[in-house]
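Structural overview for review
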Amino acid sequence: MILSIILTILIGAFVGWLAGLVMKSSHGFWVNCLIGIVGSALGRWLANLIGLSGGAVVGFLISLAGSCILILLLRVILGKRF
């Protein structure tokens, strides 16, 4: 249980870092990691709503997409500086 939570946080942090590179976010490593953790949960939630599921690779791509969507939403809400 605890190992699963730690692994989820680590993967979410990696996804956030990667989404920061893809979306050219300039807020630093820790903010991008936090965005990745929250964005991964957002992506999984949206995927469950539309009935999309799959293996590890699909889950990783869904997490990455969720993080990119979160960065995009933050840019819309907070302006171009995000």
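Treat the numbers as computed from the prediction; the structure is a model and nothing was measured. (Residues numbered from 1 in each chain as written. Predicted model: local features only at pLDDT ≥ 70, side-chain atom pairs only at ≥ 80, totals over all residues. Heavy atoms only, no water.)

1. Some remarks on the nonpolar core
Core analysis: the largest hydrophobic core is formed by eight residues, namely Val15, Ala19, Met23, Ile35, Leu64, Cys68, Leu70 and Ile71. In terms of residue count, the dominant contributor to this core is helix α3 (residues 56-78) (four residues). Sequence-distant contacts of Leu64, that is, excluding residues within four places in its chain, are made with Val15, Leu18 and Ala19. (Core = buried A, V, L, I, M, F, W, Y, C linked by side-chain atoms within 4.5 Å. Buried < 20%, exposed > 50% of the residue type's maximum accessible area, 1.4 Å probe, protein only. Helix = DSSP H or I, 4+ residues; strand = E, 2+ residues; numbered from the N terminus. Contact = heavy atoms within 4.5 Å.)

2. Overview of the packing of aromatic side chains
The final tally for this structure, using the stated rule, is three aromatic pairs. Residues Phe29 and Trp30 carry aromatic rings whose centres are separated by 5.0 Å and whose planes lie at 75° to one another, so their mutual orientation is edge-to-face. Residue Phe29 is classed as partly exposed on the basis of its relative accessible area of 44%. With relative accessibility at 70%, the residue Trp30 sits in the exposed group. (Phe/Tyr/Trp six-rings, centres within 6.5 Å; stacked < 30°, edge-to-face > 60°.)

3. Some words on the layout of surface pockets
The calculated volume of the largest pocket comes to roughly 210 Å³. Of all the elements in the fold, those that place two or more residues in the lining of the largest pocket are α1 (2-22), α2 (29-50) and α3. Taken together, the residues of the lining of the largest pocket sort by class into five nonpolar, five polar and one charged. (1 Å grid on protein atoms, 1.4 Å probe; cavity = no way out; pocket = protein on both sides within 12 Å on 5 of 7 lines; lining within 4 Å. Points joined across faces, edges and corners; volume = space filled by probe spheres on them. Nonpolar A, V, L, I, M, F, W, Y, C, P; charged D, E, K, R; others polar.)

4. Some remarks on the environment of Ile69
Within the secondary structure layout, Ile69 lies in helix α3. On the basis of relative accessibility, which here comes to 36%, the residue Ile69 falls in the partly exposed class. Sequence separation of Ile69 and Gly51 is 18 residues, and the distance between their C-alpha atoms is 18 Å. In contact with Ile69, not counting residues within four places along its chain, are Leu42 and Leu46.

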